[in-house]
Amino acid sequence: MTKKEVTQLSYEITGYAIKVHKMLGPGLLESVYQKCLMYELIQNGYFVQQQLKVPITYKDLEFETELRLDLLINDIIIVELKTVEHLLPVHEAQLLTYMKLLKKPQGLLINFFTDNITKSLKPMVNEYFADLE
């Protein structure tokens, strides 16, 4: 996987999020947008996992947690969905931590409580992205 391929996948996911938002508008529950976005992605050939438990490794201790990410697309990009008036730093921190724990190069923080997805969407990358070609 290259930076260009990850960026392209991110662009495609964003397009499907925009499509869902245009059809449904703002104001619904996060779970509604998650189901609809997952439907769009699967219908278009993407491998989507939802509500994955995020395991924790601390030194030699490994354990399951109740932390769950919203969507993992093609085992590469984590998508965290929100339906909040304003995205907060804690939302960004949550996504960055999921990316680190699962060693994924990119995450998308998408807030559906908006009039325009592209204004509120936050793509995030980390050292795993930097290490790609």
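Keep in mind it's a predicted model, so treat the numbers as computed, not measured.

Asker: Would you mind showing me how to read helix α3 (residues 89–102) here?
Answerer: Between its first and last C-alpha atoms α3 spans 20 Å; for 14 residues at 1.5 Å apiece the expected length is 20 Å, and the two agree. Residues of α3 that are buried include every one of His91, Leu95, Tyr98, Met99 and Leu102, and no others. The arc enclosing the buried residues of α3, seen along the axis, measures out at 100°, which places them on a common side. α3 presents Pro89, Val90 and Lys100 as exposed residues on the side facing more than 90 degrees away from its buried surface. Of the surrounding elements, those touching the buried residues of α3 are β4 (68–73), β5 (77–82), β6 (106–111), β7 (122–125) and α5 (127–130).

Asker: Even after reading the chapter, I still don't get the sheet that holds strand β1 (residues 48–53), so can you show me in this structure?
Answerer: Two pairing modes exist for strands in a sheet, parallel and antiparallel, and in both the strands are linked by backbone hydrogen bonds. With mixed pairing, the five strands of this open sheet are ordered in space as β1-β4-β5-β6-β7. What marks the edges here is a single partner per strand, and that holds for β1 and β7. Across the sheet, the mean angle separating the axes of adjacent strands is 25° when strand polarity is ignored. As defined by bridge partners, β6 adjoins β7 across four bridges and the pair is classed as antiparallel. Looking at β7, one finds that leucine 109 is bridged to lysine 122. Together, β4, β5 and β6 form the strand contacts of helix α1 (residues 3–24), whose direction differs from that of β6 by roughly 15°.

Asker: Explain the environment of lysine 82 here, please?
Answerer: With respect to the helices and strands, the residue lysine 82 is situated in strand β5. Beyond its immediate sequence surroundings of up to four residues, lysine 82 is in contact with Glu30, Leu87, His91, Gln94, Leu109, Ile110, Asn111, Phe112 and Phe113.

Asker: Just checking my understanding: could you explain the pairing of β6 for this structure?
Answerer: Along any regular strand the residues' side chains alternate between the sheet's two faces. With six of six residues buried, β6 is to be regarded as a mostly interior element. Here β6 shows a buried face lined by Gln106, Leu108 and Ile110 and a second buried face lined by Gly107, Leu109 and Asn111. With six bridges connecting them, β5 and β6 associate as parallel partners. Within β6, the residue paired with valine 79 across the bridge is leucine 108. Traced from β5 through α3 to β6, the parallel crossover comes out right-handed.

What counts, and at which threshold
Residues numbered from 1 in each chain as written. Predicted model: local features only at pLDDT ≥ 70, side-chain atom pairs only at ≥ 80, totals over all residues. Heavy atoms only, no water. Helix = DSSP H or I, 4+ residues; strand = E, 2+ residues; numbered from the N terminus. Expected span 1.5 Å × (residues − 1). Buried < 20%, exposed > 50% of the residue type's maximum accessible area, 1.4 Å probe, protein only. Arc of directions from axis to C-beta. Contact = heavy atoms within 4.5 Å. Pairing = 2+ DSSP bridges. Axes fitted to C-alpha atoms, helices over the stretch in contact; angles between N-to-C directions. Right-handed = clockwise from strand over helix to strand, strands pointing away.

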